[in-house]
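Structural overview for review
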Amino acid sequence: MRRAVLSPIAIVLGASLVLAGCTSDSPSDDTEASVSPSATEEPGAPSTLSSDVPADQLPTASGVFGEKPEFAFPSSTHLDEGAVHVLSEGDGATVEAGDLLLADYLGQVWDGEVFDNSYDRGAPAAFPIGTGYVVTGWDQGLVGQKVGSRVLLSLPPALGYGPTGNPNAGIGGTDTIVFVVDIVDTFGASATGQADAAPGDPLPADGPQVEGALGEPGTLTLPEGAQAPTEQGLVYVGTGTGDELASGDQFVVHYAIESFDEADGYSTWDNGSPEQLSVSAGTPLEELVGVPVGSRVLITVPETENQSAFVILMDIIALT
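What this report covers is the structure whose coordinates are included nearby. Note that the structure is a prediction, hence the values are computed from the model and not measured.

**Regarding the packing of aromatic side chains**
This structure, assessed with the given rule, holds 9 aromatic pairs. Ring centres 5.5 Å apart and planes at 75 degrees place the aromatic pair Phe127 and Trp138 in the edge-to-face group. Of this pair, Phe127 sits in strand E7 (residues 125–128) while Trp138 is found in helix H2 (residues 136–142), placing the two residues 11 residues apart along the sequence. For the ring pair Tyr255 and Tyr266, a centre distance of 6.0 Å and an interplane angle of 45 degrees mean the geometry is tilted. Of this pair, Tyr255 sits in strand E14 (residues 250–259) while Tyr266 sits in strand E15 (residues 266–267), and the two are 11 residues apart along the sequence. Residue Tyr255 is classed as buried on the basis of its relative accessible area, which comes to 1%. An aromatic cluster of at least three residues, connected via ring pairs, comprises Tyr105, Phe115, Phe127, Trp138, Tyr161 and Phe179.

Here is the structure:
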């Protein structure tokens, strides 16, 4: 009997491939709140954002795109409705639902305390957008915006953390929260490595096989009788020309995983959205040190006491 389909969390974390958002580089202070928890909408509360709220009713934010903002509030009384206001519009790609969004942001309770910001961490954060992964106000307010834009969001509970708030972050169930979001980049399902990457040597016929041209979605298969790897290693399917990855780097990637125990694998190409991972020492991703952005690579991982042998096909799309 075949096993259940392996989820990306089960197979990736089970193989110690640590998602960037779960690494030790991420803040662990329980007083901070990520925008990632989905909100539970309060019955009867507003559930859509308006772009028509007059600017003098909204907070102002200091600085320009890329700079840590400071809010000034027009009143201690928060807005009852949700609002989105583009502070400065970029000229990059349009953010679409299902993209992996790369953004800097600062979140603050209306006329209260800052509860989270990426500027102090020195790197933007990556989130699936328009899919329910982040708070509702982000999904509504950021899909359709352009890369390079600075956007202000004012979110009542129904568009934020719901009627229970987020007590660990000091967000009450009736609090309106405001964000400045700098949209750094966005990566859709069609994002790939380089189409003009230098092709590698043909793969052995008795090992994992890769279909799909460079610059197009890849498919990873294990033919009948394929030999499981006995040591960890990396093979170039195509060598890109971008910056080389270093230990600790975070990067955007499409990947597919197949296990030699006949469990069903997983592919971000099939799932529709790339992910952000980290080059983590002590994991199979340490093989990526020195790999240029734009490359397509195959990582082989041997069997261990707790994990069957598996292979990972990766398109290295961008450094973040």
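**Structural notes on the pattern of salt bridges**
Proximity of charged atoms lets side chains of opposite charge pair with each other. Applying the stated criterion across every chain, the model contains 4 salt bridges. For Asp120, the salt bridge goes to Lys68, with nearest N and O atoms at 3.1 Å. Taken together, the residues Asp120 in the loop between strand E6 (114–117) and E7 and Lys68 in the loop between strand E2 (60–61) and strand E3 (71–72) connect sequence positions 52 residues apart. Given a relative accessible area of 54%, Asp120 falls into the exposed group.

**Structural notes on the side chain of Gln145**
One can find Gln145 in the loop between H2 and strand E8 (150–155). There is a polar contact of 3.0 Å between the side chain of Gln145 and the backbone oxygen of Gly141. With near-sequence residues (within four places) excluded, Gln145 lies in contact with Val84, Val86, Ala93, Thr94, Val95, Val151 and Ile183.

Basis of the calculations
- Residues numbered from 1 in each chain as written.
- Predicted model: local features only at pLDDT ≥ 70, side-chain atom pairs only at ≥ 80, totals over all residues.
- Heavy atoms only, no water.
- Phe/Tyr/Trp six-rings, centres within 6.5 Å; stacked < 30°, edge-to-face > 60°.
- Helix = DSSP H or I, 4+ residues; strand = E, 2+ residues; numbered from the N terminus.
- Buried < 20%, exposed > 50% of the residue type's maximum accessible area, 1.4 Å probe, protein only.
- Salt bridge = Lys/Arg side-chain N within 4 Å of Asp/Glu carboxyl O.
- Polar contact = N/O pair within 3.5 Å; in protein donor to acceptor, adjacent residues only side chain to side chain.
- Contact = heavy atoms within 4.5 Å.

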